[in-house]
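Residues per chain, in single letters:
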Amino acid sequence: MIESILRLSIERRGIMLLLILFISGLGLWSYQQLPIDAVPDITNVQVQINTQAQGYSPLETEQRITFVVETSLAGLPSLSYTRSLSRYGLSQVTAVFDEGTDLYFARNLINTRLGAIKSQLPQGLEPEMGPIATGLGEIYMYSLSATDDARQSNGQAYNAMALREIHDWVVKPQLALVKGVTEVNAIGGYTKQYHVNPDPQKMLNFNLSMQDLLTALARNNANQGAGFVERNGQQILIRSQAQLKTIEDIGKVVVKRIDSVPVTVNDIGKVAIGKELRTGAATREGIETVLGTAMMLVGENSRAVSLAVAQKVTDIQTSLPDGVLIQSVYDRTTLVDKAINTVQKNLLEGAFLVIVILFLLLGNVRAALITAAVIPLAMLATITGMVQTGVSANLMSLGALDFGLIVDGAVIIVENCIRRLSEQQKRTGVILALKERLELVFEATNEVIRPSLFGVLIITVVYIPLFSLSGVEGKMFHPMAATVIIALIAAMVFSITLVPAAVAIFLGGKISEKESPIILGAKFVYRPVLLAALKLRWFVVVAAAILVIICIWLATRLGSEFIPQLNEGDIALHAMRIPGTGIDQAIAMQKLLESKIMEYQQVQTVFAKTGTAEVATDAMPPNVTDTFVMLKPRELWPDPSLSKEDFVAMLEKDLSILPGNNYEFTQPIQMRFNELISGVRADLGIKLFGDDLDALVNSASEILAVLQTIDGVADARIEQVDDVPIFTINPKPVMLARYGLDVTDLQTWLHAAIGGNEAGLIFEGDRRFALVVRFAEDIRGDLDALGDIPIMTDSGEYVPLGEVAELKFSSVPNQISRENGKRRVVVTANVRERDLGSFVQQAKLKISQQVDLPVGYWLDYGGTFEQLESASKRLSIVVPATLFIILALLVIAFGSIKDALIIFTGVPLALTGGIFALWLRDMPLSISAGVGFIALSGIAVLNGLVMLSFIRQRLLETGELVNAIVDGALTRLRPVLMTALVASLGFVPMALNVGTGAEVQRPLATVVIGGIISSTILTLLILPVLYRLAYSKKVNE
Amino acid sequence: MNFFNQNRQYSTNKMALFPVIMLLLIPFMSLASEDKHKGEMVTMSDNMAMVSGISTVAVSAGQLNILATLFGDVTTDPASLSHIRARFDGVISDVTVNLGDKVKRGDPLATVESNESLKRYKVTSPFTGTIIARHANAGELSNGQILFSIASYDDVWAQLKIFPKQRAAIKSGQKVWLSNTDFTQESSISHIVPSSEGKPYTLAFVKLSNTDGNWPVGALLKARVSTETINTPLLIPKIAIQKYEGRTVVFVKKDNEYHPRTINFGRSDDINIEVLAGLEAAEIIVSQNSYLIKADLEKSGAGHVH
């Protein structure tokens, strides 16, 4: 088959070359469709269901909302699990679906279920699904600020509330229209409200209850249409206007009539613009501000969307009042551009190096260009393939591409063609006729096509184990493996079609093949060394074996790291205060923190979100602040050589002197992923399910005690169940009855007085604001005096609150977590210096013996040990299977197990160099390095294959072993050196790269470069020696 | 600890992990070594304390003024309201005052011609006050009717409701600050009487001077009754008190160190609280923003679980 393809390609060479246009066109079109982002998306398929419930404590939220929502989700198809948290005022249920479930399908299912439970939820509460976005969704953040001299129309300076109003009614509606934006989420300032603050004493004075006030406001704030009449042929609409518009209007509402004298709102209290009871706030550089986040629809191109948002933000600026500024504080474009630049730079420099090497070693510009042309074509074909398979372009997926490696097949073919053509020309002394030339090209190609195809095939096969990774690791590395495989296959296809066709067309005329001085020199050195090695063969083999052993030992001394951290260039830090910290206190602490951070010259700006935003995409309590530290470009740092890690360490140390803050350093995207993926990330997570929170915590403590007695345990702890203080007002029913009240009377009064009751809306044009009745801050804020506040009774008398209710401080859990419809507490532990499996076994046994769980409580063992176990199980099958496939391919190629095994020895030898290079550069073993080793084994096999197939051929021709070996080895010196040089030099830019994304590429490139050096030297020496040893007997016979 | 967990360890190669674990732990170890809370104290420079809004106060002797809050309304003094009739019925021949007129004691109000003696006599004002009602016009017969009502609002009474929980603390003679929404006046409880009609509260009466007319009868008023004044040797502001690990503490400042100190406290008023044990006079404690010290002590436990 291969032969017929080759023949076809050479005969129909013109058509083949036209294919280039087609491939290029397809590639360019695909490039427009290719989703580009900085990092791979590791979010699972999940839907968040948020229900805002003003005034509900965690327990009520759980009981009335979370339970209902969660139960309704049970039994959905493809539902993997649900988890939930119930906080003050917020219920968040997260439904996680199986991988591959269509997100819109899942959301549809949930929507149906949510519709069905509306009647079971307390009145007025609406569960809402979170935005259709993933962890990569927060692509653009901006802040609103005002210059010091800017004034509102009423002459006052812009405060956070005024800015929030501008955001909600001017900025947000415009941004929400940008294509690809699914949500604009605001945090900060206060939503403007109109507040009526009744004075309890004055209410008493006029014998007014809260209900009277609420009713009066509700009944005197409406417009009503009344149809139309026709008058003299004209239609005239009838309308009654009584909507309240201004603070004065509200103040004039009549609440009661005493002896025909109207009592107005002004008589019993004050009307003012008031603040909502907010759950979140935003700060920037130590000043309260309003932050907006544009969230990208899942599957969009983040670069394109954030560019569009940025453009829109510029447009919006013109529609803002003078002195109000909208400023971009986080723009994903920056990171994506940096990432793309890194990849581009690596690829371009790599390609350039490859071309130079080819030219130097082949001594033929045309041949070098033909080979190099494979690079852009393979790239375009890869992009097409990525679009078709739904792989996005990012640092991980493009990070492992090395075009040196990819053109290996083409290099071998072109090299052989040139050699054969020039040999033939030298022999005949004339320029070849077309037919002759075509035949020769076919022969030359056919001669090396099998080893090169097998070689590339083997490199492809070794990437397969990466597909067995699952979960987050899988999501990070599948795209990488997929991209490399696509690129390799594309290059492979090109090398049997386009390359021979191009050679046939362009290498006509006189072939100038100069043995370049480099090759001549190499041969000059190589021959005596090879001969010496053949002589000292046992010594060489033993030395190589020792080298392998040393490197295996060295490998165990290297550290290891599972997933590399992509450097996003910015810092995100959680600033955490103790649970129960109020939002204003937290902001005061945050302002101090930010002004401290701004003292660093490296910092461009700092902004932060405290608590939960309008749309609770990240449900944080007010004691936690997500702080974003945007860094200046490194050139502007006082010391540009300072690494980011060192800077973070410095920051952490300096910030630790600020009282009351605890920090956790991470990066913006990474933080978002953490928030979304959640779940247990310790080695072992024991989930305890049950009803009663106290009983759960008690049993969890017992389990913790047992865990701590087991060898190898580390960082064992119970998931935090923090208590927050609560002020309870427990009605005394008998006392209430004595005054003619009941529990509802009291609670309604309480809700209105302290929390505030909405009594309607105030419209200002398109804008609408809530009209809220609530006691003034100084009254509702003084808990000590709360008991003295009089409540109206039906009879027009009054009674102090303290008389009919018991007031006291107590505590409630800060948050109630549930999973799969049941309350749960998690005990987590990591395992150190011990086999994980046996640890888990022992833990299970000990816990079942020593912990007596209450009836109706059960345990579930989970944690990463499960994933690790299944991953190692899978890898323990997949890795040997892969090795077997490689071996099988080699056996098929040579029809000889012995030869296959000889080639296989190249693998450990190649690995030695990789390990050594890692050790030299002080890098840990990581998956990235692992991918490097994978590529390396492929290259080693490829080299061995090329070398061995020639030696074998010579041996068959001449029958003389040593001569065949030396001859074959010398002939193949050039292609071996070439493939090695292009593959390793192609990686040099990556190995030295310090830009964005370097973390992933550096170990990979380091391993490949180190490995290729060792593998080339060893292929050139050990392989002939082994061949000699393996075949000496046979030939002697 | 997401940051840590993200760098997930490859558990299959335990020995090789060790250096990496150590590397990863460095930031955390540095935190641990700087953990100032082991000895249950916070170290903070005065400058940082100032920037953070922390202020201190010395423990000293002082007076607690314990107040109770009552509500009630303004009523007239029964002695200052008079309904005036004619002594001998007859024809009213002349009326000399009108509604709202201020009259002095003995001022003539009207002249009545007695039916029996046919003599004219003057009806006079019994005290200084204001005419608040007039039912007499010249030519009418008095016939035992009320001719005028005269009231004096120079002195009014506040009638305060004492609900059962407050009953024990309120005694006559206690000082009271009475306020309606605009004015405050100091007075004292003159007497306490059970309310009529079987209401659940008792009534305290307080005399109010109303020469300026600030206390209209029927207006609702709020009363702060000083139920007790206590001189105590150790007094601290209430805002200094925090709950820390289940104990009630204040933070004592020594040089740059702030130590939590468990205290027993006694009674309190609106602002201050009496310390029974745990502090000595002249010790410096944190008053404003004491929460920050508590937050710093407990911060190692502050986390964010997603």
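Residues numbered from 1 in each chain as written. Chains lettered and ligands numbered in written order. Predicted model: local features only at pLDDT ≥ 70, side-chain atom pairs only at ≥ 80, totals over all residues.

Under an unreviewed UniProt entry, the name given to chain B is Biotin/lipoyl attachment, and the source organism is Paraglaciecola arctica BSs20135.

1. Considerations on the overall build of chain B
A count of helical and extended segments in chain B gives 5 helices and 21 strands. When each of the 306 residues of chain B is scored for burial, the buried share is 32%. Pairs at least 24 apart in sequence give 68% of the contacts found in chain B among residues at least 6 apart. (Helix = DSSP H or I, 4+ residues; strand = E, 2+ residues; numbered from the N terminus. Buried ≥ 20, exposed ≤ 12 C-beta atoms within 10 Å, placed from the backbone. Contact = placed C-beta atoms within 7 Å.)

2. Things to note about the UniProt feature "domain: CzcB-like barrel-sandwich hybrid" (unreviewed entry) in chain B
Per the UniProt entry, the sites bearing "domain: CzcB-like barrel-sandwich hybrid" (unreviewed entry) are residues 82-150 of chain B in this numbering. Segment residues 82-150 of chain B splits into 0% helix and 51% strand. End C-alpha atoms: 5 Å apart. (UniProt positions renumbered as here; feature names shortened; annotations may be inferred.)

3. Quick notes on the sheet that holds strand β7 (residues 108-114) of chain B
Each strand in a sheet pairs with its neighbour through backbone hydrogen bonds, running either in the same direction (parallel) or in the opposite one (antiparallel). All names here are of chain B. Strand order in this open sheet of 3 strands is β5-β7-β8, and the pairing throughout is antiparallel. The two strands at the open ends of the sheet, each matched to only one other strand, are β5 (90-95) and β8 (120-124). Looking at each pair of strands side by side, their axes are set apart by 30° on average, direction ignored. Judged from the 5 bridges that link them, β7 and β8 form a sheet pairing that is antiparallel. Within β8, the residue paired with T111 across the bridge is K122. (Pairing = 2+ DSSP bridges. Axes fitted to C-alpha atoms, helices over the stretch in contact; angles between N-to-C directions.)

4. A short note on the nonpolar core
General note: in soluble globular proteins, nonpolar side chains tend to be found buried as a group. Residue and element names in this part refer to chain A. Membership of the largest hydrophobic core comes to 170 residues, with the highest contact counts inside it found for V354 and A491. Among the elements that line this core, the one with the most residues is helix α33 (residues 927-958), at 18 residues. Among the domains, domain 1 (1-33 + 363-514) and domain 4 (516-568 + 863-1037) are the pair contributing at least three residues each to this core. In contact with V354, not counting residues within four places along its chain, are A372, I375, F403, G404, V407, V982, L985 and G986. (Core = buried A, V, L, I, M, F, W, Y, C linked by C-beta atoms within 7 Å. Domains from an automatic or database assignment.)

5. Digging into the domain arrangement of chain B
According to the domain assignment, chain B consists of domain 1 (33-63 + 231-301), domain 2 (66-77 + 154-230) and domain 3 (78-151). Of note, the centres of domain 1 of chain B and domain 3 of chain B, computed from C-alpha atoms alone, are 70 Å apart.

6. Observations concerning helix α34 (residues 961-992) of chain A
For α34(A), which comprises 32 residues, the first-to-last C-alpha distance of 43 Å matches the rise-based estimate of 46 Å (1.5 Å per residue) to within 8%. Counting buried positions along α34(A) yields 24 of 32 residues, so the element is predominantly enclosed. (Expected span 1.5 Å × (residues − 1).)

7. Some thoughts on the sheet that holds strand β24 (residues 757-764) of chain A
All names here are of chain A. One open sheet accounts for 4 strands, arranged β12-β7-β25-β24; its pairing is mixed. A strand with exactly one partner marks an edge of an open sheet, and here the two such strands are β12 (269-275) and β24. When strand polarity is set aside, the average angle formed by the axes of neighbouring strands in this sheet is 25°. With 6 bridges connecting them, β24 and strand β25 (residues 767-773) associate as antiparallel partners. By the bridge assignment for β25, E758 is matched with V772.

8. Focus on the environment of A:E99
Residues and elements named next belong to chain A. Its location among the elements puts E99 in the loop between β3 (90-97) and α4 (103-117). Spatially, the C-alpha atom of E99 lies 6.7 Å from that of N44, the residues being 55 residues apart in sequence. Each residue touching E99, except ones within four places of it in the same chain, is listed here: N44 and V45.

9. Considering the pairing of strand β8 (residues 223-231) of chain A
On any regular strand, side chains alternate: one points to one face of the sheet, the next to the other face. Residue and element names in this part refer to chain A. Burial runs low along β8: only 0 of the 9 residues are buried. Here β8 pairs with strand β9 (residues 234-241) via 7 bridges, running antiparallel. Across the sheet, residue F228 finds its bridge partner in β9, namely L237. What sits between the antiparallel neighbours β8 and β9 is a turn of 2 residues, in which N232 has the positive phi angle 50°.

10. A few points about the UniProt feature "domain: CzcB-like C-terminal circularly permuted SH3-like" (unreviewed entry) in chain B
Under the UniProt annotation, "domain: CzcB-like C-terminal circularly permuted SH3-like" (unreviewed entry) lies at residues 236-294 of chain B. Overall, residues 236-294 of chain B shows 8% helix and 56% strand. The separation of its end C-alpha atoms is 17 Å.

11. Observations concerning the packing of helix α20 (residues 537-557) of chain A against helix α32 (residues 906-921) of chain A
Residues and elements named next belong to chain A. Contact geometry of α20 with α32 gives a least axis separation of 9 Å together with a crossing angle of 45°. In terms of orientation, α20 and α32 fall into the oblique class. Remark: the crossing between α20 and α32 carries left-handed chirality. Only P908, L909, L911, T912, I915, F916 and W919 of α32 make contact with α20, whose side of the interface consists of A544, L547, V548, C551, L554 and A555. (Parallel < 35°, antiparallel > 145°, perpendicular 65-115°, else oblique. Left-handed = near helix turned anticlockwise from the far one by under 90°.)

12. Some details on unusual backbone geometry
Residue and element names in this part refer to chain A. For S78, which is not glycine, the phi dihedral falls at a positive 65°. Turning to its location among the elements, S78 is positioned in the loop between α3 (58-73) and β2 (79-87). By C-beta crowding, S78 is classed as partly exposed, having 14 other C-beta atoms within 10 Å.

13. A few points about the environment of A:E866
Residue and element names in this part refer to chain A. In this fold, E866 is placed in helix α30 (residues 864-894). Exposure remark for E866: the 17 C-beta atoms within 10 Å place this residue in the partly exposed category. Through-space distance from the C-alpha of E866 to that of L684 is 8.3 Å; in sequence the pair is 182 residues apart.

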